[in-house]
Amino acid sequence: MDFFKTLEERQSIRSFTEQKIEKSKLEKILKAINIAPSAGNLQAFKIAIIEKKETKEKIASAAFGQNFISKAPLILVFIADEKESAKKYNQRGKELYCIQDATIAATYAMLSATALGLASVWIGAFNEEKIRKIIKANEGLKPIAIIPIGYAAEKPKKTPRKNISEILFKKMI
Ligand SMILES: Cc1cc2nc3c(=O)[nH]c(=O)nc-3n(C[C@H](O)[C@H](O)[C@H](O)COP(=O)(O)O)c2cc1C
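What you are looking at is a predicted structure, and each value in this text was computed from that prediction instead of being measured.

Asker: So what exactly am I meant to see when it comes to the packing of helix α3 (residues 53-62) against helix α6 (residues 128-135) here?
Answerer: A pair of packed helices is captured by two measures, namely the crossing angle of their axes and the spacing between those axes. Look at α3 against α6: their axes get within 9 Å of each other, and the N-to-C directions meet at 170°. By the angle between their axes, α3 is roughly antiparallel relative to α6. Across from Thr55, Lys58, Ile59 and Ala62 in α3, the residues of α6 making contact are Lys130, Ile131, Ile134 and Ile135. When grouped by side-chain class, the residues that make up the contact of α3 with α6 number five nonpolar, one polar and two charged.

Structure follows, in structure tokens:
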């Protein structure tokens, strides 16, 4: 899919069919994630891949009962690796760069999913500690986004956006 068409096509989908995701598509998504830029090229993030029904249900419950999450055939949890980034960048690595690394990676995943005809949604509302326990992540591994992925079972109306002029800090500096 053309890149700008991919950007336009992506929208949050919260209802998925039961169709599983082909292994080849998951591999393409992971390859795309792996070429994302990162601070100092440290790639200070990890991804938990969740396909088991009971784990998905636990994840949905830790996301304040957003039950549609458990209906997606695949869930990716993006985790910032604070220690990895702090080794080189200290506090800034821990508080900012690893989160940015994981965020960029999650964005690559979403756009790749769209380009492959899949749908996704960014889930940011969750209890961090509960998610850490479910995926068995040690301290220093901070879950930052849950991305359920599957085939869309809905086609919602597009959400509105601000005018470009409103997102510019100053028209010209
Ligand atoms: C940081 C972040 C957190 C979000 N958290 C949630 C969430 O917990 N649950 C949810 O249903 N959607 C969540 N969303 C999706 C947004 O609601 C959605 O992206 C926004 O309304 C724009 O709609 P669109 O994605 O269809 O363009 C989140 C998006 C972002 C970027």
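Now that the structure has been shown, the text picks up again.
Asker: Could you clarify how one ought to interpret the sheet that holds strand β3 (residues 119-120) in this entry?
Answerer: Two strands in a sheet stick together by hydrogen bonds in their backbones, pointing the same way (parallel) or opposite ways (antiparallel). Strand order in the open sheet made by the four strands is β1-β2-β4-β3, with antiparallel pairing throughout. The open sheet has two edge strands with one neighbour each: β1 (45-50) and β3. As defined by bridge partners, β3 adjoins strand β4 (residues 141-150) across two bridges and the pair is classed as antiparallel. What sits directly across from Ser120, in β4, is Ile149. This element, helix α2 (residues 23-34), spans β1, β2 (74-81) and β4 of the sheet and lies at about 170° to β1. Packing of α6 onto the sheet brings it into contact with β1, β2 and β4, and relative to β4 it is tilted by some 75°.

Asker: How do you make sense of the site of the ligand when you look at a structure like this?
Answerer: The environment of the ligand is formed by 13 residues, the closest being Ser12, Arg14, Gln66, Trp122 and Arg161. At 3.1 Å, a backbone N or O of Ala125 approaches an oxygen atom of the ligand. At 3.1 Å from an oxygen atom of the ligand is found a side-chain nitrogen or oxygen belonging to Thr159. When the ligand is considered free in solution it has 620 Å² of accessible area, and contact with the protein chains removes 61% of it. Split by residue class, the shell around the ligand holds five nonpolar, five polar and three charged.

Asker: Whenever I open this one, the pattern of salt bridges confuses me. Can you help?
Answerer: Side-chain pairing between opposite charges can occur once the charged atoms of the two side chains come close. The tally for this structure, following the rule as stated, stands at five salt bridges. Here Glu9 makes a salt bridge to Lys5, at a shortest N to O gap of 3.2 Å. Separated by four residues within a single helix, Glu9 and Lys5 lie in helix α1 (residues 3-9), roughly one turn from each other. Note on Glu9: relative accessible area 32%, which makes it partly exposed. Residues Arg132 and Glu129 are paired through a salt bridge, measuring 2.7 Å at the closest nitrogen-oxygen approach. In this pair, Arg132 and Glu129 both sit in helix α6, three residues apart, roughly one turn of the helix. Glu129 gets classed as partly exposed once you look at its relative accessible area, which sits at 39%.

Asker: Which parts of the structure should I look at to understand the side chain of Thr114?
Answerer: The residue Thr114 is located in helix α5 (residues 82-115) in this model. Every residue in contact with Thr114, bar those within four places of it in the chain, is listed here: Met1, Thr6, Glu9 and Arg10.

Cut-offs used in this document
Residues numbered from 1 in each chain as written. Predicted model: local features only at pLDDT ≥ 70, side-chain atom pairs only at ≥ 80, totals over all residues. Heavy atoms only, no water. Axes fitted to C-alpha atoms, helices over the stretch in contact; angles between N-to-C directions. Helix = DSSP H or I, 4+ residues; strand = E, 2+ residues; numbered from the N terminus. Parallel < 35°, antiparallel > 145°, perpendicular 65-115°, else oblique. Contact = heavy atoms within 4.5 Å. Nonpolar A, V, L, I, M, F, W, Y, C, P; charged D, E, K, R; others polar. Pairing = 2+ DSSP bridges. Near = heavy atom within 4 Å. Polar contact = N/O pair within 3.5 Å; in protein donor to acceptor, adjacent residues only side chain to side chain. Areas by Shrake-Rupley, 256 points an atom, 1.4 Å probe, with all protein chains shown as cover. Salt bridge = Lys/Arg side-chain N within 4 Å of Asp/Glu carboxyl O. Buried < 20%, exposed > 50% of the residue type's maximum accessible area, 1.4 Å probe, protein only.

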